[in-house]
Amino acid sequence: MSDIAVIGLGAMGTALAEAFLNKGHAVTVWNRSPAKSDVLAAKGAVVAASVEEAVSSSPLIVACLLVYDTVRQVLDPAREALPRRTLVNLTNGTPEQARAMSDWVAEYGADYIDGGIMAVPPMIGGQHALILYSGSRQAFDAHAGRLEALGASRYLGEDAGLAPLYDIALLSGMYGLFAGVLHALALTGAAGIPAREFMPLLGSWLQAMQGGLPKWAEQIDSGDHSSNVVSNLGMQADAYFNLIDASRSADISTELVLPMQNLMKRGVTAGRANADLSSLVGLLQSSKQGS
Ligand code: NDP
């Protein structure tokens, strides 16, 4: 018997299995392409000949495959071995997929925990890795000690959909930031400014702007977007026109920045010119426009 079975040895699954091994846990591994097990076998992992063997080896099964459909497809032949075990699914997916997986696992008498990995493989097991979890509290408490090998854990609640919800919301913030950075670099790069020269300024500007986010949280939770506003939507919408015009003049695609202008215009038309930008969250929630 092992402590943990890791199913899926892509870049992330391999990092997870290594982190468990590094903490001295007994680990069984399985992967569709067997060659990826070799490096882990050399570090002490037991290589299972089948998924059934992997699932039967451990009370805790950690799956990290490309998509949810693959998880179901891979685990299906081993479903009779699932009872009384805990499946921790660290595959990226949607809240709906997580809830459906939780129901499927429950049919076979196993506990389910969904997880969102907020790290890239080299960070796993290090101090900057964060893993979000949701699902069975009892199962999480029982296995929290083992899961700590992967990085900091944050348990969000019994609803299995919470971890993927937080995960995709955090990714949304990240990609929004990346989109702005890409556009900024396209603009400055077209003007002959080396990215190396511009990046430090961009980095410190973005850091300074983050200072306003706690106020947004207060405004969104209270519903008051109009008190003590220092940069109102109307003013920002006008400045944003300049961003679009300057991009067009420089022949820079506006595909990343145009959606924000459309939303700002919608906010102004809806009578929110004197409110803060945080009021746009309500517009996103109340309309399918722009989806
Ligand atoms: P990889 O592409 O490196 O690995 C994919 C894994 O899925 C492999 O084990 C592969 O097996 C397996 N797989 C794919 N299709 C099938 C199939 N039809 N049947 C059986 N096995 C299959 O991806 P990662 O390891 O990087 O990512 C895994 C998960 O982790 C994803 O959901 C990803 O979103 C998430 N994640 C990844 C991060 C990263 O930076 N890498 C960061 C955070 C989350 P085989 O080796 O045989 O092809």
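Each remark here, short or long, concerns the structure printed above.
Below is a summary of the structure that appears in this document. Please read all numbers here as calculations on a predicted model, not as lab measurements. (Residues numbered from 1 in each chain as written. Predicted model: local features only at pLDDT ≥ 70, side-chain atom pairs only at ≥ 80, totals over all residues. Heavy atoms only, no water.)

Around the ligand there are 21 residues in total, and Met 12, Asn 31, Arg 32, Ser 33 and Lys 36 lie nearest to it. Residue Asn 31 places a side-chain N or O atom 2.7 Å away from an oxygen atom belonging to the ligand. Notes on the ligand: free accessible area 900 Å², of which the protein chains cover 74%. Of all the secondary-structure elements, those providing two or more residues to the shell around the ligand are helix 1 (11–22) and helix 4 (68–75). Sorting elements by how many residues they give to the shell around the ligand places helix 1 first, with 3 residues. Considering only residue class, the shell around the ligand consists of 11 nonpolar, 8 polar and 2 charged. (Near = heavy atom within 4 Å. Polar contact = N/O pair within 3.5 Å; in protein donor to acceptor, adjacent residues only side chain to side chain. Areas by Shrake-Rupley, 256 points an atom, 1.4 Å probe, with all protein chains shown as cover. Helix = DSSP H or I, 4+ residues; strand = E, 2+ residues; numbered from the N terminus. Nonpolar A, V, L, I, M, F, W, Y, C, P; charged D, E, K, R; others polar.)

Here the focus is the packing of helix 4 against helix 5 (residues 95–107). Look at helix 4 against helix 5: their axes get within 11 Å of each other, and the N-to-C directions meet at 15°. Classified by the angle between their axes, helix 4 and helix 5 sit roughly parallel to one another. In terms of crossing hand, the pair formed by helix 4 and helix 5 is right-handed. Residues Tyr 68, Val 71, Arg 72 and Leu 75 of helix 4 touch helix 5, and the partners they reach there are Gln 97, Ala 98, Ala 100, Met 101 and Trp 104. Each residue belonging to the contact of helix 4 with helix 5 can be placed in one class, and the counts come to 7 nonpolar, 1 polar and 1 charged. (Axes fitted to C-alpha atoms, helices over the stretch in contact; angles between N-to-C directions. Parallel < 35°, antiparallel > 145°, perpendicular 65-115°, else oblique. Left-handed = near helix turned anticlockwise from the far one by under 90°. Contact = heavy atoms within 4.5 Å.)

Here the focus is the pattern of salt bridges. Summed over all chains, the structure comprises 7 salt bridges. Asp 76 is the salt-bridge partner of Arg 79, the closest N and O atoms lying 3.2 Å from each other. With a relative accessible area of 30%, Asp 76 lands in the partly exposed category. Of the charged contacts, one joins Arg 79 and Glu 80 as a salt bridge, the two residues approaching to 3.9 Å between their closest N and O atoms. (Salt bridge = Lys/Arg side-chain N within 4 Å of Asp/Glu carboxyl O. Buried < 20%, exposed > 50% of the residue type's maximum accessible area, 1.4 Å probe, protein only.)

Next up on the list: the environment of Glu 218. As for its placement among the helices and strands, Glu 218 is situated in helix 9 (residues 213–222). The spatial distance from the C-alpha of Glu 218 to the C-alpha of Leu 165 is 21 Å, given a sequence separation of 53 residues.

Bringing the packing of aromatic side chains into the picture now. Evaluation of the coordinates by the stated rule reveals 4 aromatic pairs. Geometrically, the ring pair formed by Trp 104 and Tyr 108 is edge-to-face, given 5.4 Å between the ring centres and 65° between the ring planes. Take Trp 104 and Tyr 108: they sit in the same class, and that class is buried. Geometrically, the ring pair formed by Tyr 133 and Phe 140 is tilted, given 5.3 Å between the ring centres and 45° between the ring planes. Given the relative accessible area of 0%, Tyr 133 is considered buried. With a relative accessible area of 7%, Phe 140 lands in the buried category. Taken together, the aromatic side chains of Tyr 133, Phe 140 and Tyr 155 make up a single cluster linked through ring pairs. (Phe/Tyr/Trp six-rings, centres within 6.5 Å; stacked < 30°, edge-to-face > 60°.)

By the criterion of burial, strand 7 (residues 130–135) is predominantly enclosed, with 5 of the 6 residues buried. Here strand 6 (residues 111–118) runs beside strand 7; their pairing, made up of 6 bridges, is antiparallel. From the neighbouring strand, Met 118 faces strand 7, where its bridge partner is Leu 130. Of the strand pairs in this sheet, strand 7 and strand 8 (residues 152–155) are connected by 4 bridges, and their pairing is parallel. Looking across to strand 8, one finds that Leu 130 is bridged to Ala 152. With helix 6 (residues 137–147) bridging strand 7 and the parallel strand 8, this β-α-β connection has right-handed handedness. (Pairing = 2+ DSSP bridges. Right-handed = clockwise from strand over helix to strand, strands pointing away.)

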